[in-house]
Amino acid sequence: MEKEIKFRIATEQDLDRIVEMLADDELGRKRERYEQPLPESYTKAFKAITSDPNNELIVAYQDNEVIGVQQITFTPYITHQGGWRATIEGVRTTPSLRGKGVGTELIKWAIQRANERGCHLIQLTTDKQRVDSLRFYERLGFKSTHEGLKMKLN
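My aim in this report is to walk through the structure given alongside it, one point at a time. (Residues numbered from 1 in each chain as written. Predicted model: local features only at pLDDT ≥ 70, side-chain atom pairs only at ≥ 80, totals over all residues. Heavy atoms only, no water.)

With respect to the environment of valine 102
Thought 1: By the element assignment, valine 102 lies in helix H5 (residues 102-116).
Thought 2: Under the relative-accessibility criterion, valine 102 is labelled buried at 3%.
Thought 3: As a C-alpha pair, valine 102 and leucine 38 span 64 residues in sequence and 26 Å in three-dimensional space. (Helix = DSSP H or I, 4+ residues; strand = E, 2+ residues; numbered from the N terminus. Buried < 20%, exposed > 50% of the residue type's maximum accessible area, 1.4 Å probe, protein only.)

Considering unusual backbone geometry
Thought 1: In this chain, glutamine 36 is followed by proline 37 through a cis amide linkage whose omega measures -5°.
Thought 2: Turning to its location among the elements, proline 37 is positioned in the loop between helix H2 (26-31) and helix H3 (40-50).
Thought 3: Here the phi dihedral of histidine 80 falls at roughly 55°; this positive angle occurs in a residue that is not glycine.
Thought 4: Along the polypeptide, histidine 80 turns up in helix H4 (residues 79-82).
Thought 5: Histidine 80 gets classed as exposed once you look at its relative accessible area, which sits at 52%.
Thought 6: In this structure, glutamine 81 takes a positive phi of about 60° despite not being glycine.
Thought 7: Topologically, glutamine 81 is positioned in helix H4.
Thought 8: Taking relative accessible area as the criterion, glutamine 81 reaches 84% and is therefore assigned exposed.

Dropping the structure here:
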């Protein structure tokens, strides 16, 4: 029988593991700095996230080992009659468990959490280079209904 995957709000003690997972793929290696000690920018971001009631940094774990992470941001909008949206970012799982259902459980948890918070919509983006990720999210019911644009600053 598979071990149960549990979820909780991340603590500062999880930060090293979170950054390690974010940096552990082709795109992540280009933009993250997983080194010891971690750059202070990660701690500052962690504190900003955890002090904001509309941001949740969630870890998935088994036997007290962090095996996945995602950030969920809840945003009120004037559109949709003043509805709330949830945005999922930074979804990663430990390499040894990729393809084993951890990502699916993370997203299902995020959808449930968005419902609990009264959101009318849940959204996410994935880099166009992440073709497997796009297929993964589509299998979970996400649809590519909008064209997203980004502008890199600094």
